[in-house]
Amino acid sequence: METSTGLAAPAADLADPRFWQLPAPARAAAFAELRRRPAPVFFGDPAAGRGFHALVRHADVVEASRTPAVFLSGPGVTTPEPPRWVRLVFGDSMVNLDDPRHAQLRRIVSRAFTPRLLGQVEEDIRRVATRLVDDVERRRPEDFVTSVAAELPFQVICTMMGIPEHPRRMILDQVNHASENIGVARPLRRRIRMPGRGLLALARMQGMVASIGRERRRRPTEDLISALVTADVDGRRLTGRELGAFFSLLLVAGVETTRNALAHGLHLLTAHPEQRALLLADLDGGLGGAVDEIIRHATPIIHFRRTLAVDHELGGLGGPLLRAGEKVALFFGSANRDETVFPDPDAFDITRTPNPHLGFGGGGPHYCIGAHLARQEMKVLFRELFARLPEVRSVGEPDIVPSNFDHRVRSLRFTF
Ligand code: HEM
């Protein structure tokens, strides 16, 4: 790791997988120390062309997000980046594209996320949330993640897309296989075996969606797949491969994130009884603030990466120099604890106003397309849960999967 400022090297090494296994308070302290430095620290081995500048402050993450001509997504936004052949075989999803292809794809898929269509989805979210809470009352399951948090976003996206009931269980298994390896350090033997399994899962899922796409092209219905395969934006519609890539992105981006946010949310509202009492005193008035504070505090996506198109001085002329070809990692979680933006940043405060968190990204063209949907899902589920089971709470600590990519909760015991 390198510092250009003459300061001592930081104690933590963000490029070392062992860093991501440290307890949350130790990681938070390391990021707080990095935020106090005058310039981003480079982690990795610059001589070997490996590594990244860590953007840890709110202003830096916003600047990188909103200057897409300088901070490119095309070379890949996850660490490590997907191999080229994977991208060729499976097609690029929009997170890994720059304009003009990104803007074109985003215009096509945005039609699924208009307020009118999301208004229709709200009904479906309510129906699924009611069924899940009925099921909790009846079966008294032990794990909140599999029985509630993962189910809601998954069923909602499947219904939006128009996926029939019968293959859904199989698809959910494939999603879990496909995403279980992103950002997770594993012993070598498993590392070799796992990507094969993840890729096979992805291939199966995309094959299935492509075949539904062909069917809908012949006989369109009201669903999103029909809209995507019959859309004609700039004289173009989605190819089977693009459709498959988009569906995988929606499942991984929309299911994993929302499920983790819901699990962290239940745990935060258990660990902070005074905030929970505040929420229960005015559920409808408090849910909006609670949901955004959960996203800020838990920050389900830890980082995305960008690659410099040209030399750039961060923060304006005279700022730290980032060179063309270098990588930066946008640490959303650290930006969300930036003490220059959020007073008492470690406190969980559902009345925090304003709350300009970067949990859905720092703005700019890649800002989360599902942000409104995710907020809707969280509000509806917590409303149903707390109104019907006011004693509901997590038991013990969440089982967290150490990862540099997302704050993934494997399981969370709960009771009511
Ligand atoms: C709590 C839940 C969620 C969180 C925390 C979250 C977070 C994020 C973040 C941080 C980004 C990257 C923004 C950037 O680079 O500027 C992103 C992008 C994206 N998200 Fe979400 N997301 C959530 C839910 C969803 C849902 C429900 C969907 C869809 C159903 C979704 C679909 C996407 C897509 C398609 C992108 C890529 C957009 C693009 O590249 O243009 N997300 N999300």
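Scope of this entry: the structure provided in the associated data block. As the structure is a computational prediction, the values presented were derived from the model and not from experiment. (Residues numbered from 1 in each chain as written. Predicted model: local features only at pLDDT ≥ 70, side-chain atom pairs only at ≥ 80, totals over all residues.)

## As for the pairing of strand β1 (residues 42–45)
Selection rule: Two strands pair under a simple rule: DSSP has to find at least two bridges between them. The helix and strand labels rest on DSSP assignments: H or I over at least four residues marks a helix, E over at least two residues marks a strand, and numbering proceeds from the N terminus.
The pairing of β1 with strand β2 (residues 50–55) spans four bridges and is antiparallel. The residue bridging Phe 43 from the neighbouring strand is Phe 52, located in β2.

## Examining the nonpolar core
What counts, and what does not: Here a nonpolar core is just a set of buried residues of the types Ala, Val, Leu, Ile, Met, Phe, Trp, Tyr and Cys, joined wherever their C-beta atoms sit within 7 Å. Each residue is classified by how many other C-beta atoms fall within 10 Å of its C-beta atom, where C-beta atoms are placed from the backbone; a count of 20 or more means buried, 12 or fewer means exposed, and values in between mean partly exposed. Contact definition: two residues whose C-beta atoms, as placed from backbone geometry, lie within 7 Å.
Ile 157 and Leu 228 are the most contacted members of the largest nonpolar core, which has 71 residues in total. Here the element with the most residues in this core is helix α11 (residues 240–271); it accounts for 13 residues. With residues up to four places along the chain from it excluded, the contact list for Ile 157 reads Leu 250, Leu 251, Gly 254 and Val 255. Core analysis: the next-biggest nonpolar cluster, separate from the first, contains 28 residues, Ala 12, Ala 64, Ala 335 and Leu 358 among them.

## Considering the packing of helix α5 (residues 115–139) against helix α7 (residues 151–161)
The cut-off we apply is this: Axis definition: a line fitted to C-alpha atoms, limited for helices to the stretch in contact. Angles are taken between N-to-C directions and run from 0 to 180 degrees. To sort the angles, those under 35 degrees are grouped as roughly parallel, those over 145 as roughly antiparallel, those from 65 to 115 as roughly perpendicular, and the leftovers as oblique. Take the far helix as the reference: if the near one is turned anticlockwise from it by less than a right angle, the crossing is left-handed, and if turned clockwise, right-handed. Any residue outside Ala, Val, Leu, Ile, Met, Phe, Trp, Tyr, Cys, Pro, Asp, Glu, Lys and Arg is labelled polar, Gly included; the first ten of those are nonpolar and the last four are charged.
Where α5 meets α7, the axes come as close as 10 Å, and the angle between the chain directions of the two elements is 140 degrees. One element, α5, and the other, α7, form an angle in the oblique class. Remark: the crossing between α5 and α7 carries right-handed chirality. Contact residues: Val 121, Asp 124, Ile 125, Val 128, Ala 129 and Leu 132 in α5; Glu 151, Leu 152, Gln 155, Val 156, Thr 159 and Met 160 in α7. Residues of the contact of α5 with α7, tallied by class, amount to eight nonpolar, two polar and two charged.

## Side note on the site of the ligand
Our working definition: Think of it this way: take the backbone, place a C-beta atom on it, and check whether that atom is within 6 Å of the molecule or strand, in which case the residue is near it.
What surrounds the ligand is a group of 30 residues, the closest being Gly 254, Thr 257, Gly 361, Cys 368 and Gly 370. A per-class count over the shell around the ligand returns 19 nonpolar, 10 polar and one charged.

## Observations regarding the packing of α11 against helix α15 (residues 371–388)
Following both chains from N to C, one finds α11 and α15 inclined at 40 degrees, their axes separated by 10 Å at the closest point. Between α11 and α15, the angle falls in the class oblique. Like other packed secondary-structure pairs, α11 and α15 cross with a definite hand, here right-handed. Residue-level contacts link Thr 257, Thr 258, Ala 261, Leu 262 and Gly 265 of α11 to Ala 374, Glu 377, Met 378, Leu 381 and Phe 382 of α15.

## Some remarks on the environment of Thr 230
By secondary structure assignment, the location of Thr 230 is in helix α10 (residues 224–230). Classification of Thr 230 by C-beta neighbours within 10 Å gives partly exposed; the count is 13. Counting along the chain gives 13 residues from Thr 230 to Arg 217, while the straight-line C-alpha distance between them is 6.3 Å. Discounting chain neighbours no more than four positions away, the residues touching Thr 230 are Arg 217, Pro 220 and Arg 237.

## A closer look at the sheet that holds strand β7 (residues 327–331)
Strand order in the open sheet made by the five strands is β1-β2-β7-β4-β3, with mixed pairing throughout. Only two strands of the sheet have a single neighbouring strand rather than two, namely β1 and β3 (71–72). Sheet analysis places β2 next to β7, joined by three bridges and oriented parallel. Looking at β7, one finds that Leu 55 is bridged to Leu 330. Where helix α2 (residues 58–65) meets the sheet, its contacts fall on β2, β3, β4 (303–308) and β7, and the angle it forms with β7 comes to roughly 120 degrees.

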